[in-house]
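Chain by chain, the residues run as shown.
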Amino acid sequence: MGKRLLSTLIIVAMVVMLLPVNAFATQSVMLDEIADKIPGDAVTISGSTSLDEVVVYVLAPNGVHVYVKTLKGPQFTDTFTLLSDTPLGMYTVVAGQGSVVATTTFAVVESRVTFSDVTVNVDAAARKVTVEGKISSGSGKSVTMRVFDPDGDIDYVGQTVSVEDGKFTFVFTPYAEKTGTYTVKLGAEGVAEPYVTTFYYEYVGPVPVTGVSLDIKEATLKIGQILQLTATVEPENATNKAVTWSSSNEQVATVDQNGVVTAVGKGTAIITVTTEDGGFTDTCIITVEEVPTVVTISDVTVKVDSQTGKVTVEGKVSSG
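Residues numbered from 1 in each chain as written. Predicted model: local features only at pLDDT ≥ 70, side-chain atom pairs only at ≥ 80, totals over all residues. Heavy atoms only, no water.

1. Comments concerning the overall build of the protein
Filter applied, for reference: Put simply, DSSP H or I for four residues or longer makes a helix, DSSP E for two residues or longer makes a strand, and each gets a number counted from the N terminus. As a reference, a globule follows 2.2 Å times the number of residues to the power 0.38, and the radius of gyration itself is taken over C-alpha atoms. Relative accessibility decides the category of a residue: with a 1.4 Å probe and only protein chains considered, values under 20% of the type maximum give buried, values over 50% give exposed, and everything between is partly exposed. The contact rule is simple, with two residues in contact once any of their heavy atoms fall within 4.5 Å. Exposure was quantified through the Shrake-Rupley algorithm and a 1.4 Å probe, taking into account, for residues, occlusion by the shown protein chains and nothing else.
When helices and strands are counted, the protein shows one helix and 25 strands. A compact globule built from 320 residues would reach a C-alpha radius of gyration of about 20 Å, whereas the protein, at 39 Å, exceeds it by more than 25%. Along the first, second and third principal axes, the C-alpha atoms of the protein reach 140 × 45 × 35 Å. Counting across all 320 residues of the protein, residues that qualify as buried make up 34%. In the protein, once contacts between residues fewer than 6 apart in sequence are set aside, the share between residues at least 24 apart is 56%. Carbon and sulfur atoms make up 52% of the accessible area of the protein, which amounts to about 18700 Å² in all.

2. Here's the deal with the nonpolar core
Put simply, the test is: For this analysis, a nonpolar core means a set of buried residues of the types Ala, Val, Leu, Ile, Met, Phe, Trp, Tyr and Cys, connected via side-chain atoms within 4.5 Å.
Counting 22 residues, the largest nonpolar core has Val29, Ile45, Val56, Val58, Val93 and Phe106 as the members making the most contacts within it. Contributions of two or more residues to this core are made by strand S1 (29-31), strand S2 (42-49), strand S3 (53-59), strand S4 (65-72), strand S5 (75-81), strand S6 (89-97) and strand S7 (100-108). Core analysis: the second largest hydrophobic core is formed by 21 residues, Val233, Val252, Ala253 and Ile271 among them.

3. What to know about a nonpolar patch on the surface
Rules: Two distance rules govern patches: like charges are joined within 9 Å, and nonpolar side chains (Val, Leu, Ile, Met, Phe, Trp, Tyr) within 5 Å, applied only to residues with over 30% relative accessible area and no salt bridge. Each reported salt bridge corresponds to a side-chain nitrogen of Lys or Arg within 4 Å of a carboxyl oxygen of Asp or Glu.
Together, Val295, Ile297, Val300, Val302, Val304, Val311, Val313 and Val317 make up an exposed nonpolar region whose accessible area comes to about 770 Å². Elements with a contribution of two residues or more to the nonpolar patch: strand S24 (297-305) and strand S25 (310-317). The greatest single-element share of the nonpolar patch, amounting to four residues, is contributed by S24.

4. Topic: the packing of aromatic side chains
Selection criterion: In summary, the pairing rule links any two rings of Phe, Tyr or Trp, Trp by its six-membered ring, whose centres are within 6.5 Å, and it sorts them by plane angle into stacked for under 30 degrees, edge-to-face for over 60 and tilted for everything else.
Under the counting rule described, the total for this entry stands at nine aromatic pairs. Aromatic side chains Tyr156 and Phe172 sit 4.6 Å apart centroid to centroid with 20° between the ring planes, which places their arrangement in the stacked category. With Tyr156 in strand S11 (residues 154-161) and Phe172 in strand S12 (residues 167-172), this pair connects stretches of sequence that are 16 residues apart. The class for Tyr156 is partly exposed, based on a relative accessible area of 22%. Note on Phe172: relative accessible area 3%, which makes it buried. Through pairs of rings, three or more aromatic residues link up here, namely Tyr156, Phe172, Tyr182, Phe199 and Tyr201.

5. With respect to the sheet that holds S4
Let me state the cut-off plainly: Strands were regarded as paired on the criterion that DSSP finds at least two bridges between them. The convention used is that axes are lines fitted to C-alpha atoms, helices contributing only their stretch in contact, and that angles between N-to-C directions extend from 0 to 180 degrees.
Here we have four strands laid out as an open sheet, ordered S4-S3-S6-S7, and antiparallel in their pairing. The open sheet is flanked by S4 and S7, the only strands paired with a single partner. For this sheet, the mean angle separating the axes of adjacent strands, direction not counted, is 15°. Bridge analysis of S6 against S7 gives nine bridges, and the strand direction is antiparallel. Bridge pairing links Ala95 to Ala102 in S7.

6. Observations regarding the pattern of salt bridges
Under the defined criterion, the tally for this structure stands at nine salt bridges. Between Asp117 and Lys134 there is a salt bridge, and its shortest N-O distance comes to 3.8 Å. Of the two residues, Asp117 sits in strand S8 (residues 115-123) while Lys134 sits in strand S9 (residues 128-135), which places them 17 residues apart along the sequence. Overall, Asp117 belongs to the exposed group, its relative accessible area being 54%. Note on Lys134: relative accessible area 28%, which makes it partly exposed. Of the charged contacts in the structure, one is a salt bridge between Lys222 and Glu289, with a shortest N-O distance of 3.3 Å. Of this pair, Lys222 sits in strand S16 (residues 218-222) while Glu289 sits in strand S23 (residues 281-289), placing them 67 residues apart in sequence. Residue classification places Glu289 among the partly exposed residues on the basis of a relative accessible area of 35%. Taken together, the shared-partner salt bridges connect Asp149, Asp151 and Lys178 into one network.

7. Some details on the sheet that holds strand S19 (residues 243-247)
The strands making up a sheet associate through hydrogen bonds between their backbones, and the pairing can be parallel or antiparallel. A sheet is described by the order of its strands in space; here four strands give the open sequence S16-S23-S22-S19, paired in mixed fashion. The open sheet has two free edges, formed respectively by S16 and S19, since each of these has just one partner strand. Neighbouring strand axes in the sheet, compared pairwise and without regard to direction, differ in orientation by 25° on average.

Here you go:
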């Protein structure tokens, strides 16, 4: 890659030396991007300039000129056709005069790469868009995606690598808070023109929380017992339903972030649930009692003395 860049820079420098020098520092040249081609394809060179005319060169990977032409400004365009035996590789386009030049590149590849089975799934409620598909060049290929909002502005740019069978997936949230038709453009090495599809996205703004309630308002537990509390955040379609839990006395009862209360000591504790959005709260009063001591009797025996008529009863009591 470094050698290719160095070679391109050397070629551009040589071309600049050969171009006529009649440009001012304020003058400019811009070249449009050119998609990858295969031998025999037509190549369209287009752009804009503040110069009256520009000299355009197309250089093969070995530095040989395959196209030279002078084009009139301010908007210029021309098309030429690659030979059927055109060598594969990276071609450099140079346009301008003197030190006022622009460059771009395009690749000539052996065969076209295509996209197929492209689907777009929109989950407006979750504000997620999933784009899936296949690339014909198989696994391990870099796939790029650009998404344009309804006004034509760039909304999302991403890159991923294809997996088995050339499958790829993008998941993103539209940045623009706009309702309308979005345009997706997929690209990859060897793809002649971007694959274009669209989807309709209806922007739904955040729904604020208006309250929270617990299913149990008061409960009595014995030490060691647990109780599951359930919080209901209102409205049902609130965007942020996150809550936190707390206990007023963790020596009496503790609560985890799933709402599970554990009785640990005698007394009273207030369990509070708080919404992350808006700070709404609800409470449950927990009363914890000691586990009563159970006294048992064991090893009981009865002895009867027939001579004296005495009856003896013996045993043990668990309380000591």
